[in-house]
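Here are the chains, one letter per residue:
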Amino acid sequence: MEPGGCEAGPAVKAVAAVLPAGGSGERLGGATPKQFCTVQGRPLVSYTVRAMERVSWISDIIVVVSPENIETMKSIIEKYGHKRVTVAEGGITRHRSIFNGLKLFSENEFSNHLLQKPEVVIIHDAVRPFVEEDILLKVVMAAKEHGAAGAIRPLVSTVIASAADGCLDHSLERAKYRASEMPQAFLFDIIYQAYQQCTDYDLDYGTECLHLALKYCKTNAKLVEGTADLWKVTYKRDLYAAESIIKDSLSQQICIITDVKEAVVQVGFLLHECLRSQIKVEAVSVSLSKGNSHLQNIFSGQCYNFVCVNDKKYATEEIQQLVNMLEESNIPLLHPVVLISAHLNSLENTSFSIDLEELTRMKKFAREVKRKNILVYGLLVQCKTEVSPRSLKSVHLERYPHGVTTTAEEEALQFLPYWSLTKQYCEETMRGGS
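Remember, predicted model here, so these are calculated numbers, not experimental data.

A.B. asks: Describe the pattern of salt bridges, naming the residues involved and giving the relevant values.
C.D. replies: Throughout the structure, instances matching the rule amount to 10 salt bridges. For R94, the salt bridge is made with D125, and the minimal N-O distance between the two is 2.5 Å. Of this pair, R94 sits in helix 3 (residues 94-103) while D125 sits in the loop between strand 6 (120-123) and helix 4 (133-146), placing them 31 residues apart in sequence. Classification of R94 by relative accessible area gives partly exposed; the value is 23%. You can call D125 buried: its relative accessible area is 4%. One salt bridge connects R96 with D200, and the closest N-O pair in it is separated by 3.4 Å. Placement of the pair is R96 in helix 3 and D200 in helix 6 (residues 200-205), with a sequence separation of 104 residues.

In structure tokens:
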């Protein structure tokens, strides 16, 4: 349904996103606006841009910043390799900034070249970094049908009104009201016409885009129940909460890298199938070359766990290449990067296919890169020449690198730590990252 035929996307000609990021961060305190505060070594706005980039059916991402922060935003885009992103100059208020972002699709004076006018435009705060594709899809499809849509959440606290003397005037029945959240989505022509008709008072004091669509275009927005992670970073404590969520997510994703050999790709597929119910898994079948854009995107997405599946006699070279690529990507490695070298060894082969010299080299390399916060482990995969997806029942990452043996029906795929297999060759057990 996505343009180009992908079922995951909406049945919409084109979708773009506008991210207002022009706030001064007064409530946060400090000299740095909250959207540029670093969380785990990366500016908050970069996480939000990355969340949009991951959605393939969003064609353009407009980040609207204050004039003094345009170069800062451009440097963030360059440093973290963001794609499909255009920086726009913001206004003195939120509504004026959003309007400027929309103008990039319709008015030449705001851009050297007009971007493709979308059928639907998403508006989302740059300081709400945890938006997922599912809610984006829901508001876009609702906007396609109703003209406008926005995420909502139940009110946490009761809303009260005070009288002129500072005493309670009345309170609202909480069950009847909802908190307006982001993302919101609109048919582009509706929200653009609404902004064109806005009074200066609306532009200077208003904050709700859905209200503008209702007031000026008589468009009743469809309200979509949102998830708990749509909250906005407003205060300093929110930065700590965001950091905690990001830390947790780092341990919940892994990238499986294989070359293009059939047997290696097959084992990578089996790992992907059995792990995807437990964590987020990205499988890549490529050669480890510097120019590989897919891997570079994974690095910029801050994936910290990798499994390299190979059947090569000299596996250390492949791990070295991956480490080099990580270092050259200039992504801050603030958390331990875990690299598991999974070496294939046929069950029909009675001898160990990696020699002592290579194991010694791997151990030395593991000790060197540990100083750089990179932990290298080795895993021997004993497998039949022909294996099917049924051969692998379950693998639990928390048991790496100690190894797992799993059996299904008459076929078996064994996972063993090949550091420990060197006991027959050396006095000392070799351990990953040691």
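A.B. asks: Outline the packing of helix 3 against helix 5 (residues 188-197), listing residues and values.
C.D. replies: Relative orientation of the contacting elements helix 3 and helix 5 amounts to 130 degrees, with a least axis distance of 10 Å. In this view, helix 3 runs oblique relative to helix 5, as classed from their interaxial angle. Two packed elements cross with a definite hand, and for helix 3 against helix 5 that hand is left-handed. Here H95, I98, F99, L102 and K103 of helix 3 come into contact with helix 5, specifically with F188, I191, Y192, Y195 and Q196. Of the residues assigned to the contact of helix 3 with helix 5, the class counts are 7 nonpolar, 2 polar and 1 charged.

A.B. asks: Tell me about the confidence of the model for the protein, and please be specific about residues and values.
C.D. replies: Here the protein shows a mean pLDDT of 78. Residues at 70 or above account for 72%. The lowest-confidence element of the protein is strand 17 (residues 404-408), averaging 32 in pLDDT; the highest-confidence one is strand 6, averaging 98. Counting contacts from residues 1-7, a segment whose pLDDT is below 50, to residues more than four positions away or on other chains yields 13 contacts. Considering only residues more than four positions removed or in separate chains, one finds that residues 387-434, a stretch of pLDDT under 50, has 123 contacts.

Cut-offs used in this document
- Residues numbered from 1 in each chain as written.
- Predicted model: local features only at pLDDT ≥ 70, side-chain atom pairs only at ≥ 80, totals over all residues.
- Heavy atoms only, no water.
- Salt bridge = Lys/Arg side-chain N within 4 Å of Asp/Glu carboxyl O.
- Helix = DSSP H or I, 4+ residues; strand = E, 2+ residues; numbered from the N terminus.
- Buried < 20%, exposed > 50% of the residue type's maximum accessible area, 1.4 Å probe, protein only.
- Axes fitted to C-alpha atoms, helices over the stretch in contact; angles between N-to-C directions.
- Parallel < 35°, antiparallel > 145°, perpendicular 65-115°, else oblique.
- Left-handed = near helix turned anticlockwise from the far one by under 90°.
- Contact = heavy atoms within 4.5 Å.
- Nonpolar A, V, L, I, M, F, W, Y, C, P; charged D, E, K, R; others polar.
- pLDDT = per-residue confidence, 0-100.

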